[in-house]
Amino acid sequence: MLRTLLVPLDGSALAERALPIAFDIARRAGGEVHLARAHVPLAVVGAGGEGIMTQDLLAADDAMRDRAKQYVEATATRLSAEWGVRAVAHVDDGGAAGYITQVADDVLADLVVMTTHGAGGFAPGWLGSVADAVIRHSYRPVLALPENDEHTGGTFTPRRIMVTLDGSPNAAAIVPAAQDLAVVFGADVEFVRIVAPFVPNDVLSAMSSPSPDAYGIDAEAAYAKQQLGDMVAAIGKHGVKATATVRVEMSPTRALLDHVKESDPDCVAVATQGRGLSRLFLGSVADKLIRGAGRPVLVLRPPTEA
């Protein structure tokens, strides 16, 4: 279940968009929220010949660290009282992405909720690159909230969650997190798999083959339907209503993005890596979904990936 949530902050209003969503999930699930902010020490500007920071820079650095700590602690106190949810503040020196990943592991976060971008400028501008780094390197599920959220308008009460799969165990690693989210909100789930022909040689020759199934795709599509049917039955045991969709398309990436537009889910769930050639497919799709789906994306780097 989603009992321990983590929200990275950078002091910007864009980063704070994740706060009400995380606290709402925690309240529904009976969990707690951890707020984390990394203090990146000032660069050694104006240091002496020995590379030691001047007293003025040290004092400025200490002041920035104190302000960051006060901000996170005050935010935790205020929102804890407002939502009736326990909140814990974390502030320490370090690189932003590494620190967030470390805190997520230390508190055993069930979900990291973060916006994909912060505001511009020196201090808050790191969040875009940090979100990318956390998603690529952490093994914790991340609910990525896009800046161009055209679907939810900044709120998050999902009724339909689209889970993208490719038939591999790595891709299926996203299912437990999607299931937890569906249980918390009472949302429906749609499992989607795109079956693409594998043409090792000349595409035109294969397409003109007299064989009724030139790509050998029929058996693959039938197996995909059976596999997704088993997932529908399994998730149904947890009280989640689910459906399955299998599409045969030459371009899996385009087909998935088209399906997002056609089915209009409130949230898309995807693992960052599949297996073999599918690793490139899902990695590419995950990146495109996060950047272009226009809605929250639940994403996970599978712990079993090669």
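Above: the structure in question.
Notes on the structure in this doc start here. In this numbering scheme, every chain counts its residues from 1 along its sequence in written order. Totals for whole chains, interfaces and linings use all residues, but because this is a predicted model, local features are given only for residues with pLDDT of at least 70 and pairs of side-chain atoms are given and counted only at 80 or more. Side-chain metrics in this entry use all non-hydrogen atoms of the structure; hydrogen atoms and water are not considered.

### Some words on the overall build of the protein chain
When its secondary structure is counted, the protein chain shows 11 helices and 10 strands. Only protein chains enter the calculation, and the probe is 1.4 Å; a residue is then buried if its accessible area is under 20% of its type maximum, exposed if over 50%, and partly exposed in between. Out of the 306 residues belonging to the protein chain, those deemed buried represent 49%. All accessibility values rest on the Shrake-Rupley procedure with a 1.4 Å probe; residue burial counts only the protein chains present in the view. Summing over all exposed atoms, the protein chain offers an accessible surface of approximately 14,100 Å²; the carbon and sulfur share of this is 53%. We count a stretch as a helix when DSSP gives it H or I for four or more residues in a row; a strand needs E for two or more, and each element gets its number in order from the N terminus.

### Some points on unusual backbone geometry
Of note in the backbone geometry, L108 takes a positive phi value of approximately 55° without being a glycine. By the secondary structure assignment, L108 is in the loop between α4 (96-106) and β4 (111-115). Overall, the relative accessible area of 53% leaves L108 in the exposed class. Backbone geometry at D264 places phi at a positive 55°, although glycine is not the residue there. Within the secondary structure layout, D264 lies in the loop between α10 (252-263) and β9 (267-271).

### With respect to the nonpolar core
Judged by nonpolar contacts, the single largest core of 48 residues is most densely connected at I25, V113, L143, V163 and L298. The dominant element in this core, judged by the number of residues it contributes, is helix α2 (residues 18-29), at 8 residues. Here a residue-residue contact requires only that any non-hydrogen atoms of the pair lie within 4.5 Å. With sequence-adjacent residues up to four places away left out, I25 is seen in contact with L2, L5, L111, L143, F156, L181, V184 and F185. The term nonpolar core refers to a set of buried residues drawn from Ala, Val, Leu, Ile, Met, Phe, Trp, Tyr and Cys, joined through side-chain atoms within 4.5 Å. Residues I100, A144, I194 and A255 belong to the second largest nonpolar core, which totals 35 residues.

### A look at the environment of A38
Topologically, A38 is positioned in strand β2 (residues 32-39). Taking C-alpha positions, A38 is 8.5 Å from P8, a pair spaced 30 residues apart along the chain. Setting aside chain neighbours within four positions, we find A38 in contact with D92, G94, G95, A96 and Y99.

### Re the packing of aromatic side chains
Any Phe, Tyr or Trp ring, taking Trp's six-membered ring, that has another such ring centre within 6.5 Å forms a pair; planes under 30 degrees apart are called stacked, those over 60 apart edge-to-face, and the others tilted. Under the defined criterion, the tally for this structure stands at 2 aromatic pairs. For the ring pair F156 and F185, a centre distance of 5.5 Å and an interplane angle of 85° mean the geometry is edge-to-face. With F156 in the loop between β5 (142-145) and β6 (160-165) and F185 in helix α7 (residues 175-185), this pair connects stretches of sequence that are 29 residues apart. Each member of the pair, F156 as well as F185, is classed as buried.

### A look at the pairing of β4
Counting buried positions along β4 yields 5 of 5 residues, so the element is predominantly enclosed. Residues L111, V113 and T115 line one face of β4 and the alternating positions V112 and M114 line the opposite face, and both faces are buried. Of the pairings in the sheet, the one linking strand β1 (residues 4-8) to β4 comprises 2 bridges and is parallel in character. Counted as the bridge partner of L6 is V112 from β4. Relative to β5, β4 is paired through 4 bridges, and the arrangement is parallel. Paired with M114 across the strands is A144, a residue of β5. Should DSSP find at least two bridges between two strands, the strands are taken to pair.

### Focus on α4
Among the residues of α4, A96, A97, Y99, I100, T101, V103 and A104 are the ones counted as buried. With its phi angle positive at about 55°, L108 sits one or two positions after the end of α4.

### Section: the sheet that holds strand β8 (residues 242-248)
Ordered in space as β3-β2-β1-β4-β5-β10-β9-β6-β7-β8, the 10 strands form an open sheet in which the pairing is mixed. In the strand order of this sheet, the two ends are held by β3 (87-93) and β8, each with one partner. Each strand of the sheet is rotated relative to its neighbour by a mean of 25°, with strand direction disregarded. Throughout, an axis means a line fitted to C-alpha atoms (over the contacting stretch in the case of helices), and angles, computed between N-to-C directions, take values from 0 to 180 degrees. Its contacts with the sheet place α7 against β6, β7 (188-195), β9 and β10 (297-300), and it is angled at close to 175° to β6. The sheet contacts of α10 involve β6, β7, β8 and β9, and relative to β7 the element is tilted by about 150°.

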